[in-house]
There are 2 protein chains.
Amino acid sequence: MSLLVVGSVAFDAVETPHGKVDRMLGGAATYFSVAASYFTHVNLVGIVGTDFTAKDESIFKGRRIDTQGLERADGKTFFWAGKYSENMNERTTLATELNVFAEFKPRLPEPYQSSTHIFLANIDPTLQASVLHQVSRRPRVVALDTMNYWIERTPKELRETLKHTDILVINDSETRQLSNEHNLLKAARHIFTLGPKALVIKRGEFGAMLVHQNRTFSVPAFPLEVVHDPTGAGDSFAGGFMGYLATARKVDDAALRRAMVYGCVMGSFAVEKFGLDRLRSLKKTEINTRARHFHKMTQFTL
Amino acid sequence: MSLLVVGSVAFDAVETPHGKVDRMLGGAATYFSVAASYFTHVNLVGIVGTDFTAKDESIFKGRRIDTQGLERADGKTFFWAGKYSENMNERTTLATELNVFAEFKPRLPEPYQSSTHIFLANIDPTLQASVLHQVSRRPRVVALDTMNYWIERTPKELRETLKHTDILVINDSETRQLSNEHNLLKAARHIFTLGPKALVIKRGEFGAMLVHQNRTFSVPAFPLEVVHDPTGAGDSFAGGFMGYLATARKVDDAALRRAMVYGCVMGSFAVEKFGLDRLRSLKKTEINTRARHFHKMTQFTL
């Protein structure tokens, strides 16, 4: 089993009611691979600029993250700046500087080409498709994230990539936008006609929902007294979800449920501190303890 | 065990994207008592006008609902008119005519005075308190609902009544308003200093959350393809919650969890048709089947 992720590695500037950081490591592929590395080996495909130092790269060292797919290019690393509202339910993007990311063409090193599990983080659907073309045989699981930008600007390309996607991992507003349907069950049915066999809907403070084979499974969010920084929560969720799934013998209903829980576990840790601060210092025992906490928080007998 | 409810019995005019009804039976105590009667015997305290016919009253007949506490007064029954937004997440009140409800002074018939479980539906906190004064000994469980109107207009009276309340059953915006705290765990801690020992937060399409003894328990909403009319969902939730609790030998964590599930079950049925149409035709087997469905929808093994 090996898990491949393609997506952004970035520097972020983030302001929340709990603080402000002018420049810290971020990016979907970064959050994803650090979260997933607690479960399995991760092959990382992304691009950084010359401003990405050895110290920045140290986040990947000492973990099960292979960075031979992390390309270096002349120029600056992708930069994003955003500010969260008082209750953190909304965020405003203050700056998006693609920099070297504008010319990104994902290239899979030879050992990556046999990856069994693939996560296509939120990038241009054409680039997502190009990753699948480089894989030597049909992966066991292809999961994809996307956003309003691609749903609006490249609907044809997104639909083409979705044909080769097993699990779509998006939030509720993206689910509604992609399906043009407010009701999430009807939205899921529509999305299943596009290719995916399972839909994972990320709902922020309300947790996450899986729709799959006419069944739904819901996990609440972990109740936290303080959320310091919601940045990367969705990508950390995806990392826990796919990381666990890559270790499961079968991708059946029980495994998908467990993957949902580990996704929520990793998302809940991510928001406890700024940027990657909490994820980078995690212990496997903390992950297991929190997973059991989710169990206590949801189980009942009739 | 006997369950007492005090609250409104009303006529409603409701418009949703799925239809429009100019006048139908409604009111918090009506939804509550019909829902709770599937679990236990209910003593109803409320007031209606001369326009409330035997046909209207038939909703309570053939069920375990005692209506000797339903007062008749000269004048018209409480009337409420409202319209829901396209996605039904918002509603606009078009008319509130208190009519006979303006002079309502709850009076408990003698057999009601030994009720062991009491639900104070959303009415003036002074009237809620007057019900507790008429009870002959400390009930096992007092639960209370309220709304922004009372939180803003009668904060002192509400706080007095909350001192005698075991379980507060409100929605998330009311939780935040009452505690002046956005974070729900901190809000719960504040509310526990006011009297209640448990907080049940109704979250509409996101289900419900129980906070109690430093623990949280979450139940998702039942995913429905079509919601016809959200009116009465919260009161039906409370009916299932308190109805189940009145049958439980002990009010412990396991019983509260089950009560939460039966609350969500009854709320989910309520919204499937207009007004009381779905609740009035329910079968106990349907309730049990749906409760098992909630179990399937939330359970996992690690």
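Description of the structure in this document. (Residues numbered from 1 in each chain as written. Chains lettered and ligands numbered in written order. Predicted model: local features only at pLDDT ≥ 70, side-chain atom pairs only at ≥ 80, totals over all residues.)

1. Concerning helix α1 (residues 28-36) of chain B
Thinking step 1. Taken across its nine residues, α1(B) has nine buried, putting it largely inside the fold.
Thinking step 2. Taken together, the buried positions of α1(B) are occupied by B:A28, B:A29, B:T30, B:Y31, B:F32, B:S33, B:V34, B:A35 and B:A36. (Buried ≥ 20, exposed ≤ 12 C-beta atoms within 10 Å, placed from the backbone. Helix = DSSP H or I, 4+ residues; strand = E, 2+ residues; numbered from the N terminus.)

2. Examining the pairing of strand β11 (residues 198-202) of chain B
All names here are of chain B.
Thinking step 1. A large share of β11 lies buried, amounting to five of its five residues.
Thinking step 2. Neither face of β11 is open: one carries A198, V200 and K202, the other L199 and I201, and all of them are buried.
Thinking step 3. When strand β10 (residues 167-171) meets β11, the two strands line up parallel, connected through five bridges. Within the sheet, the bridge partner assigned to V169 lies in β11 and is V200.
Thinking step 4. Relative to strand β12 (residues 208-212), β11 runs antiparallel, the two sharing five bridges. (Pairing = 2+ DSSP bridges.)

3. Let's talk about the environment of B:S8
Residue and element names in this part refer to chain B.
Thinking step 1. Inspection of the secondary structure puts S8 in the loop between β1 (3-6) and β2 (10-16).
Thinking step 2. With 229 residues separating them along the chain, S8 and F237 place their C-alpha atoms 16 Å apart.
Thinking step 3. In this structure S8 touches G27, A28, A29, G46, F78, F101, A121 and I123, once residues within four positions along its chain are discounted. (Contact = placed C-beta atoms within 7 Å.)

4. Some remarks on the sheet that holds strand β6 (residues 78-84) of chain B
Residue and element names in this part refer to chain B.
Thinking step 1. Taken in spatial order, the four strands of this open sheet run β3-β2-β6-β7, and their pairing is mixed. Unpaired on one side and paired on the other, β3 (19-26) and β7 (91-97) mark the two borders of the sheet. The sheet shows a mean angle of 15 degrees between the axes of neighbouring strands, taken without regard to direction.
Thinking step 2. The sheet contact formed by β2 and β3 spans six bridges and is antiparallel. Looking at the pairing, D12 lines up with M24 of β3. (Axes fitted to C-alpha atoms, helices over the stretch in contact; angles between N-to-C directions.)

5. Observations concerning the interface of chain A and chain B
Accessible area lost when the parts come together is the quantity often used to give the size of an interface.
Thinking step 1. With 26 residues of chain A at the interface, the matching set in chain B holds 26 residues.
Thinking step 2. For the side of chain A that touches chain B, the secondary-structure elements that each account for two or more residues are α7 (184-192), β13 (215-219), α9 (253-270) and α11 (284-298) of chain A.
Thinking step 3. Tallying contributions element by element places α11(A) first for the side of chain A that touches chain B, with five residues.
Thinking step 4. Here the side of chain A that touches chain B is composed, by residue class, of twelve nonpolar, nine polar and five charged. (Nonpolar A, V, L, I, M, F, W, Y, C, P; charged D, E, K, R; others polar.)

6. Comments concerning the environment of A:G46
All names here are of chain A.
Thinking step 1. Assignment of secondary structure puts G46 in strand β4 (residues 42-48).
Thinking step 2. A residue is classified by how many C-beta atoms lie within 10 Å of it, and G46, with 27 of them, is buried.
Thinking step 3. Excluding anything up to four places from it in sequence, G46 contacts V6, G7, S8, V9, A29 and L70.

7. With respect to the packing of helix α6 (residues 172-179) of chain A against α7(A)
All names here are of chain A.
Thinking step 1. Taken N-terminus to C-terminus, the directions of α6 and α7 make an angle of 60 degrees; their axes are 9 Å apart at the nearest point. Taken together, α6 and α7 sit at an angle that is classed as oblique. The two elements α6 and α7 meet at a crossing, and its hand is left-handed. Side by side, α6 and α7 meet where D172, T175, R176, L178 and S179 of the first sit next to L184, A187, H190 and I191 of the second. (Parallel < 35°, antiparallel > 145°, perpendicular 65-115°, else oblique. Left-handed = near helix turned anticlockwise from the far one by under 90°.)

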